[in-house]
Amino acid sequence: QAQLEESGGGLVQAGGSLRLSCVASRRTYATGWFRQAPGKEREFVATIIWSGESIYYADSVKGRFIISRDNAKNTVYLQMNSLKPEDTAVYHCATRPWSGLQGLTAAEYDNWGQGTQVTVSS
């Protein structure tokens, strides 16, 4: 399996922006971003397949977050704009093989990164 490394997290004020990066050691079929806040379950954020043609977002981030990928760099980005305090969480990227599914659930992913902390202050 590809090794995954997230970066780009940090502390930002509400309304600000951050860009997360997920670098893989080799190309993967699809990459998703999930987040987990303290005391809460892991939550789907966004996913993209290698061609960039299939992209899905959680309703809570639609219109604010943008997922993209650079296959030459084996990197997937998550541009997060108009951040809100409720976006505070550890953000993980994960990869999955082709399954015919959309990649909206954590169970579809078999490879996870360590995560990067995003904290949005009010």
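Here, every reference points to the structure presented above.
As a starting point, this report considers the structure included with it.

Rules of the game
Residues numbered from 1 in each chain as written. Predicted model: local features only at pLDDT ≥ 70, side-chain atom pairs only at ≥ 80, totals over all residues. Heavy atoms only, no water. Salt bridge = Lys/Arg side-chain N within 4 Å of Asp/Glu carboxyl O. Helix = DSSP H or I, 4+ residues; strand = E, 2+ residues; numbered from the N terminus. Buried < 20%, exposed > 50% of the residue type's maximum accessible area, 1.4 Å probe, protein only. Pairing = 2+ DSSP bridges. Axes fitted to C-alpha atoms, helices over the stretch in contact; angles between N-to-C directions. Disulfide = S-S within 2.5 Å.

**Overview of the pattern of salt bridges**
- Enumeration over the complete set of coordinates arrives at 4 salt bridges.
- Arginine 64 is paired through a salt bridge with aspartate 87; the nearest N and O atoms lie 2.8 Å apart. Of the two residues, arginine 64 is situated in the loop between strand S6 (55-57) and strand S7 (65-70) and aspartate 87 in the loop between strand S8 (75-80) and strand S9 (89-96); the sequence distance between them amounts to 23 residues. Here the two residues arginine 64 and aspartate 87 agree in accessibility, since each one is buried.
- Each of Arg35, Glu43, Arg64 and Asp87 takes part in salt bridges that share partners, so that together they form one network.

**Overview of the sheet that holds strand S3 (residues 18-24)**
- Taken in spatial order, the 4 strands make up an open sheet running S1-S3-S8-S7, and their pairing is antiparallel. Where the open sheet ends on each side, the last strands, each with one partner, are strand S1 (4-7) and S7. Along the sheet, successive strands turn relative to each other by an average axial angle of 15°, direction set aside.
- In terms of strand pairing, S7 meets S8 through 6 bridges, oriented antiparallel. Within S8, the residue paired with isoleucine 66 across the bridge is glutamine 79.

**Regarding the state of the cysteines**
- Applying the stated criterion across every chain, the model contains 1 disulfide.
- Each sulfur in the disulfide pair cysteine 22 and cysteine 93 lies 2.1 Å from the other. Between cysteine 22 and cysteine 93, the disulfide has an S-S torsion of 65° and is therefore right-handed. With cysteine 22 in strand S3 and cysteine 93 in strand S9, this pair connects stretches of sequence that are 71 residues apart.
- Assessed through its relative accessible area of 0%, cysteine 93 is described here as buried.

**Quick notes on the environment of proline 97**
- Mapping proline 97 onto the fold places it in the loop between S9 and strand S10 (111-112).
- Placed 82 residues apart in sequence, proline 97 and glycine 15 show a C-alpha to C-alpha distance of 35 Å.

That is the geometry; function is a separate question.
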